[in-house]
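# Notes for the structure review
Next come the chains, spelled out residue by residue.
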Amino acid sequence: MAGVPIVSLNGVLLVTIQEELLDQSVAEFEQELTEKVVETRARGVLIDVSVLDIIDSFLARTLHDIAAITSLMAARTVVVGMRPAVAITLVELGLTLPGLDTALSVEEGLSLLAPGTGPARTARP
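In this convention, every chain numbers its residues from 1, walking through the sequence in written order. Owing to the predicted nature of the model, reporting of local features is limited to residues with pLDDT of at least 70; listing and counting of side-chain atom pairs is limited to 80 or more, with chain, interface and lining totals taken over all residues. Hydrogens and waters are ignored; side-chain quantities use all the structure's heavy atoms.

## Some remarks on the overall build of the chain
From N to C terminus, the chain includes four helices and six strands. For helices the rule is a DSSP run of H or I covering at least 4 residues; for strands it is a run of E covering at least 2, with both sets numbered from the N terminus onward. Overall, the chain shows an N-to-C arrangement of helices and strands of β-β-α-β-α-β-α-β-α-β. Its C-alpha atoms give the chain a radius of gyration of 13 Å, within 12% of the compact-globule value 14 Å for 125 residues. Considered along the principal axes of its C-alpha atoms, the chain spans approximately 35 × 30 × 25 Å. With a 1.4 Å probe rolled over the protein chains alone, any residue whose accessible area is under 20% of its type maximum counts as buried; one over 50% counts as exposed, and the rest are partly exposed. Across the 125 residues that make up the chain, the buried fraction comes to 38%. Contacts were defined at the residue level, with two residues in contact if any of their heavy atoms lie within 4.5 Å. Sequence-distant contacts, at least 24 apart, represent 70% of the contacts inside the chain between residues at least 6 apart. Each accessible area is a Shrake-Rupley estimate made with a 1.4 Å probe; only the visible protein chains count as cover when residues are assessed. Accessible surface computed for the chain: about 6700 Å², of which carbon and sulfur atoms make up 57%. Atoms counted for the radius of gyration: C-alpha only. Globule rule: 2.2 Å times residue count to the power 0.38.

## A look at the packing of helix H1 (residues 23-40) against helix H2 (residues 57-72)
Two numbers describe a pair of packed helices, the interaxial angle and the distance between the axes. All axes here are fitted lines through C-alpha atoms, helices being fitted over the stretch that makes contact, and every angle between N-to-C directions spans 0 to 180 degrees. Relative orientation of the contacting elements H1 and H2 amounts to 15°, with a least axis distance of 11 Å. When the axis of H1 is compared with that of H2, the two are roughly parallel. Here H1 and H2 pass one another in a crossing that is right-handed. Contact with H1, carried on its side by Asp23, Val26, Ala27, Phe29, Glu30, Leu33, Thr34 and Val37, involves Phe58, Leu59, Thr62, Asp65, Ile66, Ile69 and Thr70 of H2 and no other residues of that element. Of the residues in the contact of H1 with H2, the class split is nine nonpolar, three polar and three charged. Our angle categories are set so that under 35 degrees counts as roughly parallel, over 145 as roughly antiparallel, 65 to 115 as roughly perpendicular, and the remainder as oblique. In a left-handed crossing the near helix is turned counterclockwise from the far helix by less than a right angle, and in a right-handed crossing that turn is clockwise. For this scheme, ten residues count as nonpolar: Ala, Val, Leu, Ile, Met, Phe, Trp, Tyr, Cys and Pro. Four count as charged, namely Asp, Glu, Lys and Arg, and the remainder, Gly too, count as polar.

## Concerning the pattern of salt bridges
What makes a salt bridge here is a side-chain nitrogen of Lys or Arg within 4 Å of a carboxyl oxygen of Asp or Glu, nothing more. For the structure on display, the rule yields three salt bridges. With a closest N to O distance of 3.5 Å, arginine 76 and aspartate 101 form a salt bridge. Of this pair, arginine 76 sits in strand S4 (residues 76-80) while aspartate 101 is found in strand S5 (residues 101-103), placing the two residues 25 residues apart along the sequence. Assigned by exposure class, arginine 76 and aspartate 101 land together as buried.

## A word on unusual backbone geometry
We note that asparagine 10 has phi near 50°; this positive angle belongs to a residue other than glycine. By relative accessible area, which is 65% here, asparagine 10 ends up exposed. Residues other than glycine seldom take positive phi values, yet arginine 41 does so here, at roughly 55°. Relative to the elements of secondary structure, arginine 41 occurs in the loop between H1 and strand S3 (44-48).

## Some points on H2
Over its 16 residues, H2 extends 23 Å from the first C-alpha to the last, a length consistent with the 22 Å expected when each residue adds 1.5 Å. Regarding H2, the residues found buried are Leu59, Ala60, Thr62, Leu63, Ile66, Ala67 and Thr70. All buried residues of H2 fall inside an arc of 160° around its axis, so they share one side. Against the buried residues of H2 lie H1, S3, S4 and helix H3 (84-92). Contacts described as polar in this section are N or O atom pairs within 3.5 Å, which, within protein, must combine one atom able to donate a hydrogen with one able to accept it, while residues neighboring in sequence count only if both atoms come from side chains. Regarding H2, its N-cap is aspartate 56, as a side-chain oxygen of that residue lies 3.2 Å from the backbone nitrogen of phenylalanine 58 further along. Just downstream of H2, alanine 74 is the residue with a positive phi angle, here 65°. Take the residue count of a helix, subtract one, and multiply by 1.5 Å to get its expected span. Regarding the arc, it is the one traced by the directions from the helix axis to the C-beta atoms.

The structure is reproduced here in C-alpha cells:
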C-alpha cells in the first residue's frame, strides 16, 4: 500500500502514516502490518501519526487493535507523534484506548522498543 510505508529496522517495523486514510485503507493497513510482523519476526512496531490532524474513531480503534494483535504475536506496538489537539479530541470522544503504548517522538518510541526496556506510557481509562 503506497500510503503507509512499512520499513523493517533492527527488529522493529517503522510505520509512518503520511496522510488521512479512508476506512478501507485502514483495514488493509492493519492486515498488511500484522502480516509483516510475522514475516519479519519483528519484536516491535512503531507507528508515527505526527502528520495527522485528525484520528477518527475507526483509526483509533484500529491502532488499539493492532497493539493487541501484535502483542499476541510477541511484538510491542508504540504510537508516536500524536498532536495535542488529536489527543484532546480522542478523550472528548471517550476514546482513551487503554493499553495503547505511546511516546512523544520517534526517538523516544525506538528507545522504548529497545531490548530489555520497560513498559511505555500507556493510555489509561
